[in-house]
Structures are given as structure tokens and as C-alpha cells.
Amino acid sequence: MSQTIFELKSVYKIVLQDISLKINHNERVMIFGPSGSGKSTLLHLFNRLEDPEQGEIMFRGEPIETYRIPELRKNIGLVLQQPYLFPDTVLDNLKYGPNLFEDWKEEEVQTLLNYVNLPIDYLDKDVDDLSGGEKQRVSLARTLANKPEILLLDEPTSALDDQNIESIEQDLLNLIQSKQLTVVMVTHNLEQAKRLGNKGVYLEGGRIVEQGSLPDMIDHPKTEALKRFTTNY
Ligand SMILES: Nc1ncnc2c1ncn2[C@@H]1O[C@H](COP(=O)(O)OP(=O)(O)OP(=O)(O)O)[C@@H](O)[C@H]1O
């Protein structure tokens, strides 16, 4: 049986209502639904950017609040829609997380850059001089520098053009497979959900209306709500 990584038990938070969900090791969970349905709020619960008002979240079988937040966030990496970088060089950005844990190894920098397809001479570049796609690559590499086992992604490609989306998706898929990562991702793009995910969670009005395996869940929705959403998409 798969190892359960996260278990949410009847969680309530702002819009979220009665969310119960299990996420197993190595699953690629795609959260989708209309704007304002609570997708980002749900994602924020997994690394304690937000905490539930009611209910419980278990991480590896223990209440999530029993873990220290710095270790939790090292292990559960987050990549946002707009890359969040320090106004410094690429190298300084990559070193930042590992330095907090005295865990930076210079020789790993090439591997990190390979993961995200950036050339080595980018290390000394100022992040302000990079394109949107390159910034998002640095942001992903910076998260990976912490060696997370779980990746939380909040619409990481929504600010990118089609070509960049395709190549970052490919890098992500390679990474997920080679590092056996567990992924929880918010996307408004159903085609992307099918390409990247193996489990889907459809939220509407703060409730999980349907969950199931991907791509089947999107191609053959069971509920009227998801049928409407996929038809109007
Ligand atoms: N801290 C907060 N206090 C009050 N309301 C909030 C807070 N955070 C989010 N909300 C509200 O909760 C709802 C869900 O927000 P959330 O960002 O999770 O939705 P979403 O599905 O990610 O939306 P989008 O696709 O537009 O990004 C929204 O109506 C939002 O305004």
C-alpha cells in the first residue's frame, strides 16, 4: 500500500469547507476549479502558510504542527506563480535556503542548473536581468536546492508563454520522476493538469466536488459541476 504523506480531516479555512483528502507518496495531485474556489488557500495549508480554523492536517501520520516550520518548509518546497527571488545573483539565490541549514555544496550547483536547463554562466547574472521564464527556472532551482521531497506549485507557468510552459513542464516531469517527488499543484489549465497529474481534485465554492485519477476524471467527469466546468473551459 502507498505511504500516506498528507491527510486532511474535515478541514475548514476561510472559503474551504469540510475538506478531507489523502495524498500518497509519489502522487502528482492537480487542484483545479473556478476562480475564488479556494485552490491557493488549500495549497497554503500543506506548508503552513495558513492553518485550518477547524479540522486536522496530518503529515506523515503526525499532526502537521508537531513539525518545526523551517524543517517542514525545507522538505515541502513551494513555487509560486510570480517567481519570488532576492535582488541578487542567481548563485546567491540558489545558496540561500541551503545556507540556512549549513548545507550548501558548491559541487551541486551544476546539477541544480541542469534540472532547470540553465547554463552555468548564468550563476553570476543578476536575477533582475533575467526573462520571466528564466526567473521561474531560478525559482524552481532555488526550491530544489533545499532537496524537498514534496513540491507545492501554485500556477507556476501561468505567467509564461507557450514555449516556456512546454519546456518547464518537461523539466518538471523529468524531475518528479528522477527524484520521486510528491507534487501538489494548482492550475487553471486542464490540459496541463492532464499532462502533469495522476490525481485530480476539483474544487467549487470551497468544497471538493470531485476527485479521481487523471486524465480520466477530466475526460469523463462524473458530477454535473465538473461536466459544466470542463465544457465551458
Ligand atoms: N486571508 C483571507 N481573508 C479573507 N478572505 C480570503 C483570504 N484569503 C483568501 N480569501 C478569499 O477566499 C477565496 C478563495 O481564495 P483563493 O485564493 O484560495 O482562491 P483560488 O481558487 O486560488 O482563486 P484564483 O484562481 O482566482 O487564484 C477568495 O474569495 C478570496 O478572496
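My aim in this report is to walk through the structure given alongside it, one point at a time.

Cut-offs used in this document
- Throughout, residues of each chain are indexed from 1 in the direction in which the sequence is written.
- Restriction of local features to residues with pLDDT of at least 70 applies here, the model being predicted, together with a cutoff of 80 or more for giving and counting side-chain atom pairs; totals for whole chains, interfaces and linings are based on all residues.
- To obtain the side-chain values, all non-hydrogen atoms of the structure were included, while hydrogens and water were left out.
- With a 1.4 Å probe rolled over the protein chains alone, any residue whose accessible area is under 20% of its type maximum counts as buried; one over 50% counts as exposed, and the rest are partly exposed.
- The way it works is that DSSP assigns letters per residue, a run of H or I at least four long becomes a helix, a run of E at least two long becomes a strand, and they are numbered from the N terminus.
- When DSSP finds at least two bridges between two strands, those strands are taken to pair.
- By salt bridge we mean one thing: a side-chain nitrogen of Lys or Arg within 4 Å of a carboxyl oxygen of Asp or Glu.
- To qualify as a nonpolar core, a set must consist of buried Ala, Val, Leu, Ile, Met, Phe, Trp, Tyr and Cys residues joined through side-chain atoms within 4.5 Å.
- The contact rule is simple, with two residues in contact once any of their heavy atoms fall within 4.5 Å.
- This count recognises Lys and Arg as positive and Asp and Glu as negative, with His and chain-terminal groups excluded.
- Contacts described as polar in this section are N or O atom pairs within 3.5 Å, which, within protein, must combine one atom able to donate a hydrogen with one able to accept it, while residues neighboring in sequence count only if both atoms come from side chains.
- Patches in this entry comprise residues that are over 30% relatively accessible and not in a salt bridge; like charges within 9 Å are linked, as are nonpolar side chains (Val, Leu, Ile, Met, Phe, Trp, Tyr) within 5 Å.
- To measure how exposed things are, a 1.4 Å probe is used in the Shrake-Rupley method; for residues, cover is taken only from the protein chains shown.
- Here the site of a charge means atom NZ of a Lys, CZ of an Arg, CG of an Asp or CD of a Glu.

Before going further, it helps to spend a moment on the pairing of strand β9 (residues 199–204). Most of β9 is tucked away, with five of its six residues classed as buried. Across six bridges, the pairing between β9 and strand β10 (residues 207–213) is antiparallel. Looking across to β10, one finds that Y202 is bridged to E210. A loop of two residues connects β9 with β10, the two strands running antiparallel in sequence, and G205 in this loop sits at a positive phi of about 55°.

Within a regular strand, side chains alternate between the sheet's two faces. Examined bridge by bridge, strand β1 (residues 4–13) and strand β2 (residues 16–24) share six bridges and lie antiparallel to one another. The residue bridging V11 from the neighbouring strand is I19, located in β2. The antiparallel hairpin formed by β1 and β2 contains two residues in its connecting segment, where I14 sits at a positive phi of about 45°.

Taken as a whole and judged by the stated rule, the model has nine salt bridges. Residues R60 and E149 are paired through a salt bridge, measuring 2.9 Å at the closest nitrogen-oxygen approach. Of this pair, R60 sits in the loop between β4 (54–59) and β5 (62–63) while E149 is found in the loop between α5 (132–144) and β7 (150–154), placing the two residues 89 residues apart along the sequence. With a relative accessible area of 27%, R60 lands in the partly exposed category. Between K147 and E108 there is a salt bridge, and its shortest N-O distance comes to 2.9 Å. In this pair, K147 sits in the loop between α5 and β7 while E108 sits in the loop between α3 (90–100) and α4 (109–115), placing the two residues 39 residues apart along the sequence. Look at the salt bridges and you will find they share partners, linking E191, K194 and D219 into a network.

A few words now on the nonpolar core. Of all hydrophobic cores here, the largest spans 44 residues; its most connected members are F32, L94, L140 and L172. Top contributing element to this core by residue count: helix α6 (residues 162–179), with six residues. Ignoring sequence-local partners within four residues, the contact set of F32 consists of K39, T187, L190, A193, G200, V201, Y202, L203, M217, I218, L226 and F229. Among the nonpolar cores identified, the runner-up in size contains 25 residues, and I19, F59, I76 and V184 belong to it.

Buried residues of α3: V90, L91, N93, L94, G97 and P98, and no others. Directly beyond the C-terminal end of α3, a positive phi value near 50° is found at E102.

Time to look at the side chain of K39. Mapped onto the elements, K39 comes out in helix α1 (residues 39–45). No salt bridge is formed by the buried K39; the nearest opposite charge belongs to E155, separated by 5.3 Å. Within polar-contact distance, the side chain of K39 engages the backbone oxygen of G33 at 3.0 Å. In contact with K39, not counting residues within four places along its chain, are I31, F32, G33, P34, V186 and L203.

Time to look at a negative patch on the surface. Taken together, the side chains of D88, D92, D126, D128 and D129 define an acidic patch exposed on the protein surface. Structurally, D88 is set in the loop between β6 (76–79) and α3. With a relative accessible area of 34%, D88 lands in the partly exposed category.

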